[in-house]
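Architecture at a glance
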Amino acid sequence: MQPFPSDQIQLPRNMIENSMFEEEPDVVDLAKEPCLHPLEPDEVEYEPRSSRLLVRGLGEHEMDDDEEDYESSAKLLGMSFMNRSSSLRNNMSVYRQSSNGSCSLPSTRTMVVCTVILVIAVALIMVIYLLPKCTFTKEGCHKRNHTIELIYPLATNGKLFPWAKIRLPSDVVPLHYDLVLQPNLTTLKFSGSVKIVVNIIHVTWKIVLHSSGLNITKATITSAGGHQEKLAEFLEYPLHDQIAVMAPEALLVGQNYTVNLAYSSKLSDTYYGFYKISYKDENLKQRWFAATQFEPVAARSAFPCFDEPAFKATFLIKIKRDEKLSTMSNMPKKATTPVTNGIVQDEFFVSLKMSTYLVAFVVADLKNISRETNESLVSVYAIPQHLNQVEYALNTSVKLLEFYQNYFLINYPLEKLDLVAIPDLQSGAMENWGLITFRESALLFDSHTSSARDKKSVTAVIAHELAHQWFGNLVTMEWWNDLWLNEGFATFMEYFAMEEIFPELHSDEDFLNLIFKAMMKDSLNSSHPVSSAVQSSEQIEEMFDALSYIKGASLLLMLKHYLTKDVFQAGIEVYLHNHKYGCAQSDGLWDSMNEITNGTLDVKKLMKTWIVQKGFPLVTVVRKGKIISVKQEKYLYLVEPENWTSDASYLWHIPLTYITSSCNFTHCTNAYLLDQKSAIIELPEEVEWIKFNVDMNGYYIVHYGEDWKTLIDLLKKNHTALSPKDRANLINNIFNLAGLGKESLEKAFELIDYLNKESSTAPLTQALFQLSLIYNLLEKKGEQQLASRLMHRIERLLGDKIDQQSWTDDGALSQRELRSMLLAFACTHDIRNCRTTATEMFEKWVNSNGTIRLMQNSLEGEVIRTQELSHIIATVSQSLPGYLLAWDFVKENWEKLTQKFHLGSYTIQNIISWSTSQFATKAHLMEVKSFFESKSEQSSQLHSVKEAIETIQFNIQWMERNLAMLQELL
Ligand code: BES
Ligand code: ZN
């Protein structure tokens, strides 16, 4: 059952499981000759028209009115883009939000706010849904023509475009860009010119590069000598975001040429490219801010460029601006010179060799604080009224930067590192080299009003983005199929660095919860290998999912434990050293690790089984005396007869770990590499119990068969014989097995009977998560009676524990998190008098200083921004009154949503997942299927759509399998 979607959704389509072994397809060079010859039909690669191109650039700020409504409840919710806290927390906890935009801790007081949030959010969605101004209401919604249009590569002027592939040809490579930009924050337009020095690898007459939505007015080519600048014809092919600059003469191998392009465009009103943001200053005056978000494929909408990660080059950036504003870019400022009245030009130093998606600039009125470390100046920037909340970020960044430099043995290579709080950003943060952008809530921290949980999330985001300065920026994945090398590594380093520097934050338990959720996605047939072939923008965007981030990171965690800390660290150093200022594929990483293992272990052979196969293994253990038989098979939610043969052929090399009753401390963890379908492990002596996958450092689920009984008894008698993470792992595994029908739900309930003695957050979180899944399904299925019997059972189990929680905000972080989780659960489900206490406290708070903040907020007009929309939908869709409403809202506003957030993007993945995850009936299954089928082909092909459909099927199956048992049990 998967009624809770995981934090991120799926998947590029057309992926080929063994994509890593695939060669890039041969490119079609239609312009080897100076004059274009007509194409034979089969020389052309036919592509369906991209819906993304159709929606791009539609009306600016159409969402503004709605944004305002969205913002206030999202701020109260304090959620961030990645929504990385557990679904349970997401569903149940509340975060305090300071008036100045930073997120703060879930406290007792905010628990109160929690109870009203859901109501506010439902009300907001209803209001928005009913607003007549919505252009996509029932009447206003027009279906698109979904006929797949097969096209010739015809340029916009009707001539044949000389290139038919999505990927750029490799016969011309960029070396250096000179980029001059002049944004106008009054007209909200910008003009620019770019000079690109290119080197010719194969003789050609054309230079094909990316450009999207730019009005190009002039193109010239200058040869190596630089004396003869010649006008060049250029052709535009918007379907692939490409232009071709046609050379007046053959471009010779080994020579450098300079392409010069002049253009203009509008500052974008989406979250991509060079985009504008409106905010209110201290005097409540509306101001504009311009910033960039280029990853993965939006640099091309700010300047014509070779917008693929492997085309690294150096960049010299100049920005003309109003003398009252300031600008920032990746590199430190070199000079400021006057241009005309009131306009000056900032010039930045030439960058290191880098990918286009990491280029960044910001034009705004910002203030900062700075500190020098190891010859780099670290600064944190925010709008002036938020400057008092940047100190924590500065201290944390300096600590983390020093940690990474020591761990990787490579210094941060730039003279400065800026961290900038941006008032509106789709993602939580973006790792642009030297100029990291953050959502305000992901960077600002107010020591008076923010919570310990805020501290944790600010620390995590900084740790993640700083790790990218090495993994991603210094060494970049060669192509987006290996995005996990960026995101999986940054996620792994984020948790590793947090554990090393801030052990008191217990971030490893948060990571555990994320792994559980990533596995839920990965057990669907619609999952994909971590490394998967991708081409189109939608497919690339879809790579930003739980598999690249969380599965990628947990595979590294598994490898680290298997290789040992030191060997793993040495392997990383070799990898960074071998590929710095260049690119890498997954194999490059394994080769570096193999340099260290030096023939004793083939890391590549082992890790390939995890990277190129989707899913993960279910390991079944049978114990007879000293003999333990282990066997592996593919873990699957829905077994589809047509996949039987292929499913049976899956084989992983699993570094099994186990502890036993004779030695159950971490230092005596045993390891066994299961690289066959089955094997026998002989223990030195007979043991009372055995627990596999120690602390869940491995990416697999274990079925103990008869031995579940032994483990259930162990937990009852002496649960502390196992670590909290092991206990959470057992709870997770048994409920998953019950969902598959491999174990009885009765046993699963029996296993959690020990919980009244439990005081650790991880197992309680996991148990409440699993029980909430069941509760939500029952409730939405109309089984109210059964749902309330389940709630009584939970009360019998945890009621005392909930009652013991004080309504205060003191104690250690883990205590506060536990309190927050239990009380949020109680208030959400209206048990243990929680809502009465919460309402009383809320009223008290409103009558005291709470009103100051609310009024201030409304005065500032800083209500909900569109960046928070997916979280509002998530919250609304979990409640009984809200779940149908949320789905209706998504249907009615689909075009608008995909226009603002782009098809395939992380936000769209989340929206699809949350708004459909509670359905468990055939009628809903049909409804969801036919809705997406009625949209563009790109929509129905999204992996997140396939995942949503499979999840509903699984929910239906779960109900059929377990309803009778639940009737008996509860
Ligand atoms: N590189 C990503 C930002 C990004 C995400 C760009 C999706 C394009 C598409 C960045 O490093 C990232 O992962 N940010 C996370 C926060 C992080 C702590 C996991 C985010 O935005 O939530
Ligand atoms: Zn990242």
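Just above, that's the structure.
Residues numbered from 1 in each chain as written. Chains lettered and ligands numbered in written order. Predicted model: local features only at pLDDT ≥ 70, side-chain atom pairs only at ≥ 80, totals over all residues. Heavy atoms only, no water.

With their axes 8 Å apart at the nearest point, helix H13 (residues 586-597) and helix H14 (residues 603-611) run at an angle of 145° to one another. Along this stretch, H13 crosses H14, giving a crossing that reads as right-handed. Contacts between H13 and H14 involve Ser586, Asp587, Trp590, Asp591, Met593, Asn594 and Thr597 from the former and Val603, Lys604, Met607, Lys608 and Ile611 from the latter. Partitioned by chemical class, the residues of the contact of H13 with H14 number five nonpolar, three polar and four charged. (Axes fitted to C-alpha atoms, helices over the stretch in contact; angles between N-to-C directions. Helix = DSSP H or I, 4+ residues; strand = E, 2+ residues; numbered from the N terminus. Left-handed = near helix turned anticlockwise from the far one by under 90°. Contact = heavy atoms within 4.5 Å. Nonpolar A, V, L, I, M, F, W, Y, C, P; charged D, E, K, R; others polar.)

We now examine the pairing of strand E25 (residues 617-624). The sheet contact formed by E25 and strand E26 (residues 627-634) spans eight bridges and is antiparallel. Bridge assignment links Val619 to a residue of E26, and that residue is Gln632. The antiparallel hairpin formed by E25 and E26 contains two residues in its connecting segment, where Gly625 sits at a positive phi of about 60°. (Pairing = 2+ DSSP bridges.)

This part takes up the environment of Ser772. One can find Ser772 in helix H19 (residues 761-780). Ser772 sits in the buried class, given a relative accessible area of 1%. Through-space distance from the C-alpha of Ser772 to that of Ile794 is 9.9 Å; in sequence the pair is 22 residues apart. (Buried < 20%, exposed > 50% of the residue type's maximum accessible area, 1.4 Å probe, protein only.)

With that settled, the discussion passes to the nonpolar core. By size, the foremost hydrophobic cluster in this structure holds 247 residues, and its most contacted members are Phe303, Phe692 and Phe749. With residues near it in sequence (within four places) discarded, Phe303 still touches Tyr177, Leu179, Val194, His210, Leu214, Tyr263, Phe294, Phe315 and Val359. Residues Ala291, Ala360, Ile383 and Ile912 belong to the second largest nonpolar core, which totals 46 residues. (Core = buried A, V, L, I, M, F, W, Y, C linked by side-chain atoms within 4.5 Å.)

Turning our eyes to something else, we now look at the coordination of the zinc ion (ligand 2). Six octahedral donors around a metal ideally sit at 90 or 180 degrees from one another, while four tetrahedral donors ideally sit at 109.5 degrees. At the metal site, the zinc ion (ligand 2) is ligated by His464 (NE2), His468 (NE2) and Glu487 (OE), and these contacts range over 1.9 to 2.1 Å. When the donors of the zinc ion (ligand 2) are listed by position in the chain, the intervening gaps give H-x3-H-x18-E. One end of the pair, His464, is in helix H7 (residues 452-468); the other, Glu487, is in helix H8 (residues 483-501), with 23 residues separating them in the sequence. Across this residue pair, the class does not change: His464 and Glu487 are buried. (Donors = N, O, S within 2.8 Å, 3.2 Å for Na, K, Ca; no water.)

So, on to the packing of H19 against helix H29 (residues 943-969). Contact geometry for H19 and H29: axes closest at 11 Å, N-to-C directions at 95°. Classified by the angle their axes make, H19 and H29 are roughly perpendicular. Facing Ile774, Leu777 and Leu778 of H19, the residues of H29 in contact are Asn955, Trp958, Met959, Leu963 and Leu966. Tallied by class, residues from the contact of H19 with H29 come to seven nonpolar, one polar and no charged. (Parallel < 35°, antiparallel > 145°, perpendicular 65-115°, else oblique.)

Glancing now at the packing of aromatic side chains. Tallied over the full model, the rule gives 51 aromatic pairs. When the centroid spacing of 6.3 Å and the interplanar angle of 45° are considered together, the rings of Trp480 and Phe544 count as tilted. Of this pair, Trp480 sits in the loop between strand E23 (475-477) and H8 while Phe544 sits in the loop between helix H10 (537-542) and helix H11 (546-563), and the two are 64 residues apart along the sequence. A relative accessible area of 1% means that Trp480 is categorised as buried. (Phe/Tyr/Trp six-rings, centres within 6.5 Å; stacked < 30°, edge-to-face > 60°.)

On to the state of the cysteines. All told, the structure shown has two disulfides when counted by the stated rule. The residue that forms a disulfide with Cys663 is Cys668, at a sulfur-sulfur distance of 1.7 Å. Here Cys663 and Cys668 share a disulfide; its torsion about the S-S bond, -110°, makes the bridge left-handed. Two residues share a disulfide in this structure: Cys827 and Cys834, whose sulfurs sit 1.9 Å from each other. On the S-S bond that ties Cys827 to Cys834, the torsion sits near -80°, and the link is left-handed. The two residues Cys827 and Cys834 agree in class, both being buried. (Disulfide = S-S within 2.5 Å.)

Right, let's talk about a nonpolar patch on the surface for a bit. A grouping of Val203, Leu252 and Val253 is seen on the molecular surface, where their side chains present a nonpolar patch of about 250 Å² in accessible area. Note on placement: Val253 falls in the loop between strand E9 (242-251) and strand E10 (256-266). (Patch = residues over 30% accessible without salt bridge, like charges linked within 9 Å, V, L, I, M, F, W, Y side chains within 5 Å. Areas by Shrake-Rupley, 256 points an atom, 1.4 Å probe, with all protein chains shown as cover. Salt bridge = Lys/Arg side-chain N within 4 Å of Asp/Glu carboxyl O.)

This brings us to the pattern of salt bridges. In this structure the tally under the stated criterion is 39 salt bridges. One salt bridge connects Asp508 with Lys725, and the closest N-O pair in it is separated by 2.9 Å. Of this pair, Asp508 sits in helix H9 (residues 507-522) while Lys725 sits in helix H17 (residues 724-740); the two residues are 217 residues apart in sequence, bridging distant segments of the chain. Comparing Asp508 with Lys725 shows no difference in burial state: the two are buried. Look at the salt bridges and you will find they share partners, linking Arg453, Lys456, Asp510 and Glu817 into a network.

Everything listed here is a matter of coordinates, which is why it stays silent on function.
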